Amino acid sequence: MIALNILLGIVGPWQIAVVVILVLLLFGGKKIPELMRGLGSGIKEFKDATKEEEETGKTEQTKEN
């Protein structure tokens, strides 16, 4: 049953708990906030880059008309 859930991509509370425990064991409690901060800044940079691309595309489109 568990293997079927994993194969179908259904994530239950036990799978989440196992992942959280593994992350805590691998990185420790002090390193996790630093990792999350880096992840957040990476997502912010990605969003800024996509907005910049959209604005560039819109200005080029209006210049063509």
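Procedures and definitions
- Residues numbered from 1 in each chain as written.
- Predicted model: local features only at pLDDT ≥ 70, side-chain atom pairs only at ≥ 80, totals over all residues.
- Heavy atoms only, no water.
- Helix = DSSP H or I, 4+ residues; strand = E, 2+ residues; numbered from the N terminus.
- Buried < 20%, exposed > 50% of the residue type's maximum accessible area, 1.4 Å probe, protein only.
- Areas by Shrake-Rupley, 256 points an atom, 1.4 Å probe, with all protein chains shown as cover.
- Expected span 1.5 Å × (residues − 1).
- Patch = residues over 30% accessible without salt bridge, like charges linked within 9 Å, V, L, I, M, F, W, Y side chains within 5 Å.
- Salt bridge = Lys/Arg side-chain N within 4 Å of Asp/Glu carboxyl O.
- Lys, Arg positive; Asp, Glu negative; His and termini not counted.
- Charge placed at Lys NZ, Arg CZ, Asp CG, Glu CD.

> Would you mind going over the overall build of the protein chain with me for this structure?
Broken down by element type, the protein chain carries 3 helices and 0 strands. Tracing the protein chain from N to C terminus, the helices and strands come up as α-α-α. Expressed as a percentage of its 65 residues, the buried residues of the protein chain come to 3%. Surface accessibility of the protein chain: about 6,200 Å² in total, with carbon and sulfur atoms responsible for 67%.

> Would you take a moment to explain helix H2 (residues 13–27) for this structure?
Every α-helix carries 3.6 residues per turn, so stepping three or four residues along brings you back to the same face. Over its 15 residues, H2 extends 21 Å from the first C-alpha to the last, a length consistent with the 21 Å expected when each residue adds 1.5 Å. Trailing H2 by a residue or two, Gly28 shows a phi angle of about 80°, which is positive.

> Sorry, what's going on with a negative patch on the surface here?
Together, Glu45, Asp48, Glu52, Glu53, Glu54 and Glu55 make up a negatively charged patch on the protein surface. Mapped onto the fold, Asp48 is located in helix H3 (residues 32–64).

> I would appreciate a short explanation of the pattern of salt bridges in the present structure.
Where charged atoms from two side chains of opposite charge come close, those side chains can pair. A full pass over the atoms with the stated rule returns 1 salt bridge. The residue Glu34 makes a salt bridge to Lys31 at a minimum N-O spacing of 3.4 Å.

> Is there a simple way to explain a nonpolar patch on the surface in this structure?
Where nonpolar side chains cluster on the molecular surface, the patch consists of Val19, Val23, Leu26, Phe27, Leu35, Met36, Leu39 and Ile43 and spans about 740 Å² of accessible area. Relative to the helices and strands, Leu35 resides in helix H3. Residue Leu35 is classed as partly exposed on the basis of its relative accessible area, which comes to 33%.

What is shown is where atoms sit, not what they do.
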